[in-house]
Amino acid sequence: MATGKRCMFTVINAIITALIIESQCRLHHLVLKDDIRQRVHLNTFGFYKAGYMRMSMNSLSFSNGKTDNIDSSTIGFSLDRASNNGFSTYLDEGLDYCPLKKDPGSNFAGVLLLLDFKNNLVRKKTSAEAGVFPKVIPMLPKNIVEQQAEKGQDLQDKGPDDGSRSKTGSKSKRDVENKTEYTYPLQNKGKIYSFQFYFNITTDEQQGLYNFYFYNCYSLPINQDSSLSDMLPFSIDINIVEKNPDSFLSAGEIPLPKLYICMSMFFFLIGTLWVHVLRTHSSDVYKIHWLMAALPFTKSLSLIFHAIDYYYISNQGFPIEGWAVVYYITHLLKGALLFITIALIGTGWAFVKHILSDKDKKIFMIVIPLQVLANVAYIIIESTEEGSSEYGLWMEILFLVDLLCCGAILFPVVWSIRHLQEASATDGKAAINLAQLKLFRHYYVMIVCYIYFTRIIASLIKVIVPFQWKWLYQLLDELATLTFFFLTGHKFQPASYNPYLLLPVEDEDMEMDDVVTTSTAMGEGVKKVKKLSNGPSEERESMA
């Protein structure tokens, strides 16, 4: 058994290490092979003043190698300043809508970069109503710069129409203000294209959340009879560097290292307090209490390693592999331990019974594998570039599996509530069973509120708040978890008067648990006194 556990740990460690090696986090490197997607979301990043973005399209090629018949408004990039939720307003028109095929309008505050393969040019279009937007500047190779300098060409943006110049040879002020399209050279080596650009945030008005997309509008269906044969598979290799003045983290993530350190201290303190309670009431402590004690300490360790992981990303743009691996391991253990503990409390294990029923075992056979899958999905998402094809798939898997886990852990509590309702009507101990029923109903409400808040309400807050306050989502999530831990410990703390500990083990034991009072009719003075102590309940008989 020990050998099997070591082997499993080694496999998980190897998988996590491999994922970390492939990921470069905030120094993005995305490689796609024969991709047929119409829209690829490369990244979303929040910029402060003096932040910058640098993109290098190292190579772009197509499976058939023919680009002569590709229109100049078919392949390209879009860069826009998004709303708080990170979604572009022009994406509301549906999947079949391609922004490259329309001139930028009032619903698009940003820049379009269209790849003209016939003329080996990049055509930049800006919205006339874009307002304040950072200037996108191409990074030209040294040989091209030298050639243009020799010919006396302007290295700055070139307008689309030389006829806009006045008779004196210069452009009028009005023409310059209305100019919305510029051209840059597109490098071509054997039908493999490359292009680089960068932009800086120079004013407070330019700060915001920016989306960067790649579009392949050639693959958009022309009619309902279109098939995969109409699509144009492409392969692309892109490097993206995004940085704020003092951090590689997005504006809404910069406070996260300090936040995680502070929250880890709170979880450590609540764990220490729980251990003190267990030592004070040692006579009423069960195994489940020590399992509950392990949870806040595991959570605290996970947050510490998460903070260290973000600290290195903030300073150098990518994590240290060792710290990242340790964080993912502790995160996996924390998630599994949380759902297992909730399910065990709901079944009444260790308090009143030491063997799980067949129904209880089925729940754990479902919850534990789902939790492992959910944590693996989380690790893959964290370690995979957002533009990769498998990113969206694992996001859907994580959402579905997490939803199933949250639903599965409610069943033991519901079964316990139903059992108490039936017992209160049959065994004659209405007062005890009603107290137990009230406790379990409270616990059920606690679990439901915790699930809804961390999965729905906190996510909605993440959408509503401004881009620089995105860290509030993590703060509310951690505070909700801390509150749930505290309330669970308070309701199920070791104490002889806790109604949870009075839960009967078997239905046939109910008759033996009945309180026998003095019977004057029988002339006997026999009574049973139930004493709660460490271990199963003990009974004493005394003669009156």
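Structure: see above.
Residues numbered from 1 in each chain as written. Predicted model: local features only at pLDDT ≥ 70, side-chain atom pairs only at ≥ 80, totals over all residues. Heavy atoms only, no water.

**Student:** Tell me about the environment of Ala 495, and please be specific about residues and values.
**Tutor:** Within the secondary structure, Ala 495 is located in the loop between α11 (471-491) and α12 (510-513). The class for Ala 495 is buried, based on a relative accessible area of 4%. A C-alpha to C-alpha distance of 7.0 Å links Ala 495 and His 281, two positions 214 residues apart in sequence. (Helix = DSSP H or I, 4+ residues; strand = E, 2+ residues; numbered from the N terminus. Buried < 20%, exposed > 50% of the residue type's maximum accessible area, 1.4 Å probe, protein only.)

**Student:** Quick one: what's the story with the pattern of salt bridges, residue by residue and with numbers?
**Tutor:** Side chains bearing opposite charge may pair, as long as their charged atoms lie close to each other. Taken as a whole, this structure holds 4 salt bridges when the rule is applied. A salt bridge links Asp 35 to Arg 37, with the shortest nitrogen-to-oxygen separation between them at 2.9 Å. In this structure, Glu 478 engages Lys 299 in a salt bridge whose closest nitrogen and oxygen atoms are separated by 3.0 Å. Taken as a pair, Glu 478 in helix α11 and Lys 299 in helix α5 (residues 287-316) lie far apart in primary sequence, 179 residues in all. Note on accessibility: Glu 478 and Lys 299 belong to one class, buried. (Salt bridge = Lys/Arg side-chain N within 4 Å of Asp/Glu carboxyl O.)

**Student:** Any details on the packing of aromatic side chains? Residues and values, ideally.
**Tutor:** Applying the stated criterion across every chain yields a total of 21 aromatic pairs. Pairing Phe 47 with Tyr 210 gives two aromatic rings, centres 5.7 Å apart and planes at 75°, and the pair type is edge-to-face. Of this pair, Phe 47 sits in strand β2 (residues 39-47) while Tyr 210 sits in strand β11 (residues 208-216); the two residues are 163 residues apart in sequence, bridging distant segments of the chain. Among the aromatic side chains, those forming a connected cluster through ring pairs are Phe 77, Phe 195, Phe 197, Phe 212, Phe 214 and Phe 234. Here the guanidinium or amino end of Lys 243 rests over the ring plane of Phe 248, the centre of that ring lying 5.3 Å away. Positioned above the aromatic ring of Tyr 473 is the side chain of Lys 462, whose terminal nitrogen or guanidinium carbon lies 5.1 Å from the ring centre. (Phe/Tyr/Trp six-rings, centres within 6.5 Å; stacked < 30°, edge-to-face > 60°. Lys NZ or Arg CZ within 6 Å of the ring centre and 35° of its normal.)

**Student:** Kindly report on α5, identifying the contributing residues and their values.
**Tutor:** The first and last C-alpha atoms of α5 sit 44 Å apart over 30 residues, in line with the 44 Å expected at 1.5 Å per residue. The first or second residue beyond α5 is Gly 317, which carries a positive phi of 90°. (Expected span 1.5 Å × (residues − 1).)

**Student:** Lay out the sheet that holds β2 with the relevant residues and their values.
**Tutor:** One open sheet holds the 6 strands; their spatial order is β2-β11-β4-β5-β6-β8, and the pairing between them is antiparallel. Every other strand in the sheet has two partners, leaving β2 and β8 (181-185) as the edge strands with one partner each. Taken over all neighbouring pairs, the strand axes of this sheet differ in orientation by 15° on average, direction set aside. Judged from the 8 bridges that link them, β2 and β11 form a sheet pairing that is antiparallel. (Pairing = 2+ DSSP bridges. Axes fitted to C-alpha atoms, helices over the stretch in contact; angles between N-to-C directions.)

**Student:** Hey, could you go over unusual backbone geometry for me, with residue numbers and the actual values?
**Tutor:** Residues other than glycine seldom take positive phi values, yet Asp 34 does so here, at roughly 50°. A positive phi angle is found at Lys 191, which is not glycine, with a value near 65°. Positionally, Lys 191 belongs in the loop between β9 (187-189) and β10 (192-200).

**Student:** How would you sum up the pairing of strand β4 (residues 75-81)? Please name residues and give values.
**Tutor:** Along β4, 6 of the 7 residues are buried, which leaves the element largely enclosed by surrounding structure. Both β4 and β11 contribute to a ladder of 7 bridges, which runs antiparallel. Residue Asp 80 lies in a different strand from β11, and its bridge partner there is Asn 211. Note that β4 and strand β5 (residues 110-116) share 5 bridges and pair antiparallel. Residue pairing in the sheet places Leu 79 in a bridge with Val 111 of β5.

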